[in-house]
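# Per-entry structural report
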Amino acid sequence: MLRAQLASTLLRARPAATRVAPAFARPSSSAHGQETFESFTERYVNFFQSAQDLFEVQRGLNNCFAHDLVPAPAVVEAAVRAARRVNDYATAVRVFEGIKEKVENKQQYQSYLDELKPLREELGINIREELYSS
């Protein structure tokens, strides 16, 4: 009985636990401005022009396509040229697959294909539909 009283006294004497925010949580800041579409385009065109290996090209594509927008044709051109520069045909084809998934409708996809047709012919890139046509 003495042991039970001692335990309950010690438990009541403990300070109440305080809730602490995890160390990885950061308060959001409104000090950062939104990036414009033009600066986004310029940033990724420059990135792909300086990419030296396949890992960089694929990392750039993952980052670029993670944004909630469809990249400009200039970004797509730089990405495709980077993929061919590092000698990866499959990634060049997949850039067009990514565009197909990002656009809202078939007409937008077709306009990308039309605008980038000279690039595709220059670099010898077929889209998936051309590779696997029945």
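Preceding this paragraph is the structure being described.
Thresholds applied
Residues numbered from 1 in each chain as written. Predicted model: local features only at pLDDT ≥ 70, side-chain atom pairs only at ≥ 80, totals over all residues. Heavy atoms only, no water. Buried < 20%, exposed > 50% of the residue type's maximum accessible area, 1.4 Å probe, protein only. Helix = DSSP H or I, 4+ residues; strand = E, 2+ residues; numbered from the N terminus. Expected span 1.5 Å × (residues − 1). Contact = heavy atoms within 4.5 Å. Core = buried A, V, L, I, M, F, W, Y, C linked by side-chain atoms within 4.5 Å. 1 Å grid on protein atoms, 1.4 Å probe; cavity = no way out; pocket = protein on both sides within 12 Å on 5 of 7 lines; lining within 4 Å. Points joined across faces, edges and corners; volume = space filled by probe spheres on them. Nonpolar A, V, L, I, M, F, W, Y, C, P; charged D, E, K, R; others polar.

## Looking at unusual backbone geometry
Although it is not a glycine, Asn87 sits at a positive phi angle of roughly 65°. Looking at Asn87, the relative accessible area reads 64%, which means it is exposed.

## What about helix H4 (residues 73-85)?
When the terminal C-alpha atoms of H4 are compared, their 18 Å separation across 13 residues agrees well with the 18 Å that a helix rising 1.5 Å per residue should span. Buried residues along H4 sit against helix H2 (37-50), helix H3 (54-66), helix H5 (89-102), helix H6 (106-115) and helix H7 (117-123).

## Digging into the nonpolar core
Counting residues in each nonpolar core, the largest one holds 30 residues, and the members touching the most others are Phe48, Val80 and Phe96. Those elements giving two or more residues to this core turn out to be H2, H3, H4, H5, H6 and H7. The dominant element in this core, judged by the number of residues it contributes, is H4, at seven residues. Beyond its immediate chain neighbours, meaning those up to four positions away, Phe48 contacts Val57, Gly60, Leu61, Val75, Ala78, Ala79, Ala82 and Arg85.

## Looking at the layout of surface pockets
Space inside the largest pocket adds up to approximately 160 Å³. Looking at the lining of the largest pocket, the elements with two or more residues in it are H3 and H5. A class-by-class count of the residues in the lining of the largest pocket yields three nonpolar, four polar and one charged.

What is shown is where atoms sit, not what they do.
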